[in-house]
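A closer look at the structure
Chain by chain, the residues run as shown.
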Amino acid sequence: MKYTEKKVSVPLCAVSTTPGLVNKTGSWKFAEPLFVDRISPCNQQCPAGEDITGYMYLASQERFEEAWELITEENPFPAIMGRVCFHTCEEQCNRKDHDQAVSIHTVERFIGDYGLSHGLKIDVTEPQKDKKIAVVGAGPGGLSAAFHVRKRGYHVTIFDRDQNPGGLMRYGIPAYRLPKDILDAEIGRLSEMGIEFKMGVTIGKDITWDALNTQFDAVFVAVGAYEETGLRIEGLNKQGIFEALEFLREINLDKKSKAGKNMAVIGGGNSAIDCARVSRRLGAEVTIVYRRGEEEMPAHPEEIAMAKEEGVGFLFLATPTEVYGQEHITGIKVEKMALGEVDDSGRRRPVPTGETFDIDCDGMIIAIGEGTRVDDLPPSVSHKKGVVETDQMGQTTESTLFAGGDIIDIPHTVTHSIGSGKRASIAIDRLLEEVKGEKKSLDQFRWGDKGNISVGRMKGTTLFLRRNPSLEVVDYKDMNPFYFDHRQGMKIDRIPTKKRLKGFQEVIPSPSEQKAVSEARRCFMCGSCTECGNCHIFCPESAIKTDPGGYGYIPDMDYCKGCGICVNECPRGAMEMKFME
Amino acid sequence: MRKVLTGNVAVAYGAMLADVQVVPAYPITPQTTIIEELATMQAEGLVDLDYIRVESEHSAMAACIGASMGGARAFTATCGQGLFLMHEMLHYATGARTPVVLANVNRAAAAPWTIWSDQTDSVSQRETGWIQLYCEGNQEVLDTTIMAFKIAETLRLPAMIVLDAFFLSHTSEPIDIPDRETVRDFLPPFDPGDLWLDPNNPRTFGGITMSDAYMEFRWQIQRDMEKAKGVITEVHEEFAKVFGRKYHQVEAYRAEDADVVMVVSGTVASTGRDAIDLLREKGHQVGMIKLKTLRPFPREEIIAVLKGKKKVAIIDRNFSPGATGIWAQEIRSALYELPEGDRPLIYGYIAGLGGRDISVKIIEGIYQKTVKDDRPDDVDMWIGVNYV
Amino acid sequence: MYSLNQRFDNRDIPEDELLTSGNVACAGCGASLSMRLALKGLGKPTVLAVPACCWTIIPGAWPLSIMDVPFFHCAFETTAATISGIKAAYRKRGMDDICVVGWAGDGGTFDIGIQALSGTAERNDDVLYVCYDNEAYMNTGIQRSGATPIGSWTTTTPVKNPKSEQKKDIDAIMIAHKIPYLATATAAYPHDMIAKFKKARSIKGMRFIHLFAACPTGWRMPENLSIKVMRLAVLSNIFPLYEVENGETYRQTVIPDEIMPIDEYMHLQGRFRHLTDEDVKEFQKMVDKRFGHLREDFEKKN
């Protein structure tokens, strides 16, 4: 054959004939990217175990109903929470290191109010179970426990010695912080769920604890802490001297106040602030007398600030040593204090100086802390000075008896109580459903090692946190903050002081939808894949592809070279590199 | 239509008649008037071409390759230094299989500066894979320009028209200008087939090739160069049929009964004919062949003419320092395969470098020396060098 | 699901991929990502000519190619001339809507290709020339180019004798050609980059886009830092992002919230590891000076 007639196996020139996809360049890598849904610090912080990140996201999308449903998965009272929770979540917010923490409670309050104004209801979708639960105490802990066990299909009866449910939310918190119509409306939803309320019944008196134990398969006790820690000074038997909770209860019951014109409030906690601000609204001049400095006050800084706006005076480093007056108080003798060593609470201990002076007053409120009345507790329960002994889940030494709220060893806040009720409901369910295994296994459903257990995580219904869920909490340094611009947070409106002092109108008006959405859009959504697409956009291999399953992205390991750009450029710390074996 | 045209203008006419579409051009003496003429033709609407006034010959050839990859008929012209500068891209055009056509006006190499003619520039491109078509007169220049497109596009190999500086480029001759429509019938528009940058068929051209495939690509160039011999002959024949003028890769003149055959290329062929006629009148058995193609090298045709001759005298208007003239090298190696009795003695002569005249007298002198010397010198004989 | 709180909305980025996976660039290659994003901005019909550079290798060796647009491998110094020729062919063939793009590295642009580039720019040919600048001859193994920054290590400027000259100001050179459009861009700012490619496509005449493309291999840094380092170059004014129309109208397209000192940018890269604090201070002055001139242009010529 003449060689001009021969043929070769290639085209005339080097024109490509084969897709480059045959190069499986993924074989080069020694590490691979992994989508890991981590936990935001706010979620970990939330004592009620709410999915803050999730509902922030939904609110940012104006999907308020879904946001409301997400909150009520964990906490029955978003409208109350948005008002009375001291939102320590905001102290943990990663955005504080960027510009200013997100005003989470504002968004929650908006969602809560949205739920009320739109008549959103809780559906009990679980099948009705034949076991019965008794809840003793209709405060936040009891209501929360009732709510969560009811959602699991149990029949629930709540007992409370008061005529109306709410406990401290009703009788302790003044209306300018929590209007009664909000409280009634949110508790009202619980009746609609089929929870039975038996009000005006004192267990241990009207019904015996034993009878209760017999009638019900499990009992949850959250009777609260009503015993004022005593102030051990002379002259406390005079008229015009009140204990904080008693004082607040009377106001909340609309009874005529016996407050004077010139009040001294002893203590530095939130109750002290409440008492002081209520007194101002009753027309009194008020001085808070606190034995340490302002820095050491346990009251929430925003509460202190509002008290100051309302003209409450503060006398720091002072403690009463004697009450003056005949039948009625006319003044107190106080001793100057100094700050000594740091004590167990992490604050500097007040040390007496011996130096005293007098102040005039015609009324005094003692607000230095509350303990449990041992008489309120079931006689069989094990406790230490009124603090009921329980495990992490609220189970007492008696297997069918659970406890929560202020009678167990948790901070005395509404939110902590709600969290304790939820935990106990899970434990009760496990007990009655005879779930075997260690309770420790529930830890995987916590929002981080220190967080509360999430019902959503247990059910796998959280908005985020579905892929490779981790207990790791995302820190600001784990994120790529470049992708977030700097945007100052909203200013929280308060009605003018003059208007405040005229009555018990709510101090902080309801936020507008626009404000709530704008604030929700400031949320970083730390640790969660929001499908922002950075990993996809920045991949030099075009190897991060949309998940055909519908959520987020998946790396195509055939082509991923393991460079790690996606992990570095993930704004939220929701990815990590894993070295390959 | 008959016109008196310089060789350069004849090139421009050829390109115009070929309906070239893209002309990237850069001026250089003595080629410049080609691209000037094309610019004028374009400005006057005689030809619908895209004229790219590039900043160098290197870019001119790069743009030609680009245009050809874009599926257009591309043409440029250069000479001497310009062609040297293009060298890299000449290889590239071949490898990319772009049928670019280039007119090269033979100009000697600097330094020292010179603008006069010799073939060093074009013969230096021998290995680039370009078809090289040398011309003797202006009519041939015009006709070859038209044919070059047909040859190149048939083979998808680039082609170069070669004409002597000044002897042709700036010398006027009366020539026939073919009818445009007839040329269009002879040379239809460029059809790139599927080897072009077709946006609807996205492929990558010229990607890195490993040693398992490179030789196959190069072999195809060689195969098609070999095919080119036949294609050129066919195009010559078709051209003759349409236009009545016949060209040959190897044109013999009174060589049939000659003992000594002179071998020339380019304009020397015209002078050569006069010299042969004169020598024949004096009774010498002498003939001549004019070579038109250096690449592909018409080995078989040359053997056919020179087989059995006593002596062959090759006049090279070029040389390869340290070796011999290029045409001489080629012919020596072609004739070596003849059996000893049929193999003529080969005499190589270097003459006319840098535009020095190769007159009838000089050709006569070369003949005389060839006859007189029993054996050729070891190296080429340099004609007309003023030794001191 | 998409978060509305992010600085850039990636939903704006075109979905279409005009190349596939399977490229053979090093991991974390800024150049390969740059092409992917550029093509997202350009869309079809687009045709590429690419000279000797990393992108000679990246699409895959013959017979493979990851490209979904026609792609011509041209000679090193001929990018601009080649695209002038391709565009002329398309124009003659009635296909003037095709965007013809030259895509060359810094060596092919700042150094060997600058003559052809200048020619094409001066003629205002209707093409887009893109230089992806990774600041050295990376494909040949990290040799100094005219784009290598002062102080940098390369294999031809070893640490005992690092590059002592400043980077050639190719943008000023191109601006001086008064071309219709010039832009600087980087894949760290994909929205800005894609917008510029879209804009470039819509403009007739010569367009030049200078891309800053990190090379983890040549810059001696971990692959995952590519985007970060490109971003830092912008944030510290080493590679300001702007565009210039007709050589006279300047616009800075990305204005950093806060200008960062060059220190972090330098410290992340091994090619600068040998530099002293004094060196970095000196270079900071150069960066400030150069940006100062640019800022005047931003302010006065807009």
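Just so it is clear, the structure is predicted and the values come from calculations on it, not from any experiment.

1. Quick look at the overall build of chain A
Scanning chain A for helices and strands turns up 19 helices and 22 strands. For chain A, the C-alpha atoms occupy an extent of roughly 135 × 55 × 45 Å along the three principal directions. Looking at the 581 residues of chain A, the share that counts as buried comes to 58%. Sequence-distant contacts in chain A: of pairs separated by 6 or more residues, those separated by 24 or more amount to 71%. Positive and negative side-chain charges in chain A, numbering 73 and 86 respectively, have mean positions lying 3 Å apart.

2. Side note on the interface of chain C and chain A
Contacts between the two partners involve 45 residues from chain C, matched on the other side by 54 residues from chain A. Interface of chain C and chain A: buried area, both sides summed, is about 4100 Å²; carbon and sulfur atoms make up 55% of it. The tally of links between chain C and chain A comes to one salt bridge. E569 of chain A is the partner of R231 of chain C in a salt bridge, and the nearest nitrogen-oxygen pair spans 2.7 Å. Where chain C packs against chain A, one counts 25 residue pairs in polar contact (both at pLDDT 80 or more). Of all the elements in the fold, those that place two or more residues in the side of chain C that touches chain A are α1 (30–42), β2 (64–65) and α9 (226–235) of chain C. The leading source of residues in the side of chain C that touches chain A is α9 of chain C, at five residues. Of the residues that constitute the side of chain C that touches chain A, the class distribution is 24 nonpolar, 14 polar and seven charged.

3. What to know about the pattern of salt bridges
Oppositely charged side chains can pair when the atoms bearing their charge come close. Residues and elements named next belong to chain C. A full pass over the atoms with the stated rule returns 104 salt bridges over all chains. The residue R11 makes a salt bridge to D9 at a minimum N-O spacing of 2.7 Å. For E264, the salt bridge is made with K228, and the minimal N-O distance between the two is 3.4 Å. Of this pair, E264 sits in helix α10 (residues 263–267) while K228 sits in helix α9, and the two are 36 residues apart along the sequence. Residue classification places E264 among the partly exposed positions, given a relative accessible area of 32%. By relative accessible area, K228 is classed as partly exposed at 25%.

4. Describing the domain arrangement of chain A
Once the domains are mapped, chain A shows domain 1 (20–37 + 529–579), domain 2 (47–120 + 484–519), domain 3 (132–226 + 373–435) and domain 4 (229–371). Between the C-alpha centres of domain 1 of chain A and domain 4 of chain A the distance comes to 60 Å.

5. Things to note about the interface of chain A and chain B
Counting residues at the interface gives 12 residues for chain A and 21 residues for chain B. When chain A packs against chain B, close to 1500 Å² is buried across both sides, 70% of that on carbon and sulfur atoms. Linking chain A to chain B there are zero salt bridges. Across the contact surface, chain A and chain B share three residue pairs in polar contact (both at pLDDT 80 or more). Partitioned by chemical class, the residues of the side of chain A that touches chain B number eight nonpolar, two polar and two charged.

What counts and how
Residues numbered from 1 in each chain as written. Chains lettered and ligands numbered in written order. Predicted model: local features only at pLDDT ≥ 70, side-chain atom pairs only at ≥ 80, totals over all residues. Heavy atoms only, no water. Helix = DSSP H or I, 4+ residues; strand = E, 2+ residues; numbered from the N terminus. Buried < 20%, exposed > 50% of the residue type's maximum accessible area, 1.4 Å probe, protein only. Contact = heavy atoms within 4.5 Å. Lys, Arg positive; Asp, Glu negative; His and termini not counted. Charge placed at Lys NZ, Arg CZ, Asp CG, Glu CD. Buried area = accessible area lost by both parts, 1.4 Å probe. Salt bridge = Lys/Arg side-chain N within 4 Å of Asp/Glu carboxyl O. Polar contact = N/O pair within 3.5 Å; in protein donor to acceptor, adjacent residues only side chain to side chain. Nonpolar A, V, L, I, M, F, W, Y, C, P; charged D, E, K, R; others polar. Domains from an automatic or database assignment.

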